[in-house]
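Observations on the three-dimensional arrangement
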Amino acid sequence: MKREATLCRQCPVCNGFACRGEIPGLGGIGQGISFINNVKELAKIKLNLDVLNDVKDIDTSTDLFGEKCDLPLCCAPIAGIRNNYGTDISDYDYNTELAKACREENILCFVGDGIDFENYFHLPAKALHEQGGKGFLTIKPWQMETVKQRFETVKEFDVLGVAMDIDAAGLPLLRNAKTPVENKDIRALHEIKKLCGDKPFIVKGIMTKEAALLALEAGADGIIVSNHGGRVLDETPATIEVLEEIVEAINGRLTVLVDGGFRTGNDIFKAIALGADAVLVGRPLALACATEGTDGVRNSIQKLKKEFIHAMRMTGCENISAITHTKVRK
Ligand SMILES: Cc1cc2nc3c(=O)[nH]c(=O)nc-3n(C[C@H](O)[C@H](O)[C@H](O)COP(=O)(O)O)c2cc1C
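First things first, this report covers the structure right here in the doc. (Residues numbered from 1 in each chain as written. Predicted model: local features only at pLDDT ≥ 70, side-chain atom pairs only at ≥ 80, totals over all residues. Heavy atoms only, no water.)

1. Details of the pairing of strand β10 (residues 255-259)
We count it as follows: Each residue is placed in one exposure class: buried if its accessible area under a 1.4 Å probe, protein chains only, is under 20% of its type's maximum, exposed if it is over 50%, and partly exposed if it falls in between. Each helix corresponds to a stretch of at least 4 residues labelled H or I by DSSP, and each strand to a stretch of at least 2 residues labelled E; elements are numbered beginning at the N terminus. If DSSP finds at least two bridges between two strands, the strands pair. By definition, the crossover connecting two strands over a helix is right-handed if that path, from the first strand to the second, turns clockwise as seen with the strands pointing away from the viewer.
The buried count for β10 comes to 5 of 5 residues, which makes it a mostly enclosed element. The two faces of β10 match: Thr255, Leu257 and Asp259 on one face and Val256 and Val258 on the other face are all buried. Of the pairings in the sheet, the one linking strand β9 (residues 222-225) to β10 comprises 4 bridges and is parallel in character. Residue pairing across strands places valine 225 opposite valine 258, the latter belonging to β10. Each parallel crossover has a hand, and the one from β9 via helix α9 (residues 239-250) to β10 is right-handed. Pairing of β10 with strand β11 (residues 278-281), which is carried by 3 bridges, proceeds in the parallel orientation. Each bridged residue has a counterpart across the sheet, and for aspartate 259 the counterpart in β11 is leucine 280. In this fold, the crossover linking β10 to β11 by way of helix α10 (residues 265-273) has right-handed handedness.

2. Things to note about the side chain of threonine 60
The cut-off we apply is this: Nitrogen and oxygen atoms within 3.5 Å of one another constitute a polar contact, given that in protein one can donate a hydrogen and the other can accept it, and given that sequence-neighbouring residues count only through two side-chain atoms. Between two residues, a contact is recorded if the distance between any of their heavy atoms is within 4.5 Å.
By secondary structure assignment, the location of threonine 60 is in the loop between β1 (46-47) and β2 (62-64). Reaching out from threonine 60, the side chain makes a polar contact with the backbone oxygen of aspartate 70 at a distance of 2.6 Å. What threonine 60 contacts, discounting residues up to four positions off in sequence, is Asp70, Leu71, Pro72, Lys305, Phe308, Ile309, Met312 and Ile320.

3. Thoughts on helix α11 (residues 283-315)
Heads up, the condition is: Helix span, as expected, comes to 1.5 Å for every residue beyond the first.
Along its 33 residues, α11 runs just 28 Å from first to last C-alpha, ending more than 12% under the 48 Å computed at 1.5 Å per residue. Positive backbone phi, approximately 75°, marks glycine 316, located one or two places after α11.

4. Let's talk about the sheet that holds β9
So the rule is basically this: Note on geometry: axes are lines fitted to C-alpha atoms, helical ones only across the stretch in contact, with angles between N-to-C directions running from 0 to 180 degrees.
Strands sit in the order β4-β5-β6-β7-β8-β9-β10-β11 around a closed barrel of 8 strands; the barrel is parallel. Here the average twist between neighbouring strands, direction ignored, is 25°. Note that strand β4 (residues 73-75) and strand β5 (residues 108-111) share 2 bridges and pair parallel. Opposite cysteine 75, over in β5, you have cysteine 109 as the bridge partner. In this fold helix α3 (residues 91-105) packs onto β4 and β5, with an angle of close to 160° to the strand it touches most, β5. Contacts from helix α8 (residues 209-217) reach β8 (201-206) and β9, with the element oriented near 165° to β8.

5. With respect to the packing of aromatic side chains
Basically, it comes down to this: Each Phe, Tyr or Trp ring (for Trp, its six-membered ring) is paired with any other whose centre lies within 6.5 Å, and the angle between the two planes then decides the class: stacked below 30 degrees, edge-to-face above 60, tilted in between.
A complete count under the given rule lists 4 aromatic pairs for this structure. Their ring planes at 35° and their centres at 6.4 Å tell us that phenylalanine 117 and phenylalanine 121 sit as a pair that is tilted. Of the two residues, phenylalanine 117 and phenylalanine 121 are both situated in helix α4 (residues 117-130); the distance of 4 residues between them amounts to about one turn of the helix. Taking relative accessible area as the criterion, phenylalanine 117 reaches 31% and is therefore assigned partly exposed. With relative accessibility at 0%, the residue phenylalanine 121 sits in the buried group.

6. Re empty space enclosed by the protein
Rules: Every definition here rests on a 1 Å grid over the protein atoms only: cavities are sets of points where a 1.4 Å probe fits but cannot get out, pockets are open sets enclosed by protein on both sides within 12 Å along at least five of seven lines, and lining residues have some atom within 4 Å of a point. Grid points are joined across faces, edges and corners, and a volume is the space filled by probe spheres set on the points. Three residue categories are used. Nonpolar comprises Ala, Val, Leu, Ile, Met, Phe, Trp, Tyr, Cys and Pro, charged comprises Asp, Glu, Lys and Arg, and polar comprises the others, including Gly.
Under the counting rule described, the total for this entry stands at 1 cavity of 30 Å³ or more. Here the largest cavity defines a volume of roughly 30 Å³. For the largest cavity, the full set of lining residues is Ala99, Cys102, Arg103, Ile107, Cys109, Leu128, Gln131 and Lys134. When residues of the lining of the largest cavity are assigned to their parent elements, the largest contribution, 3 residues, is made by α3. Per-class residue counts for the lining of the largest cavity are 5 nonpolar, 1 polar and 2 charged.

Shown next, in the form of structure tokens:
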């Protein structure tokens, strides 16, 4: 049975045009240029067709934070499904169905956060735990006291790690909340890393090499090159435009993930070629889950996997480490 999602226009390609400015909804902030850029700039990168080789068996598996995954793909954290998609499903049910699909396809699952602690954080965290815990709880950059309260939930449930979407400091709804979000500096990140204990800590929302180096200095285990799907600041570069310089600055010292506008297996291939360890996909997988549940997400992941394998075969890449910058043309 298909559920309705009245706030998503469900375009043939999810590119940010039709929904620009729609928040709540799925759009980018303001004119929606950051969201649109993410998709547009990815399309400019081409794959170097090369079949003069003996590539036969293709291995798409990779290691992320000590976990073996079948694909360099993760489900991005998306909170507030009812308000943003216009779908009659709680965030607990949404994350249960999403995390189940991720478990069955063996990829990492990220869970989001929102003002309503119980419904947008605690229950979604429980959902991830109940589905095996192979993923990250993504805490909003609340004031420290609230962050510490969120860590009680981290202790309660067995999950792989913790992320913080520091760029959510720009979400208007949260900026003006009773318990507001704030900008985090390196000292704050250091403190949050300590709260993580031996769990990996990822900083989400990095768009410059300077910020990437500060996250590294703060002890982060990973970063996500992200502009929050274009929802926090209009007219940023696309994430794919800044990825390479950030990867260069980091030079293998932590795991680099990227999200924003990734829609096909070819798109995932492009990010890996430019140095990312994995890609997060947001809106398309969230829509699949909101309308068709676990089966919908599994079908979408399998489609991405097929496209990714085809891209690897046609560029002569037998495994993930063979996907280097020589495989794409900018
Ligand atoms: C409706 C909606 C809710 C989101 N909620 C969260 C969240 O709770 N935490 C977070 O880190 N990112 C959140 N994001 C951002 C996504 O995790 C991700 O960075 C972005 O959507 C990726 O771009 P894509 O949707 O174009 O693939 C949200 C995005 C949308 C569209």
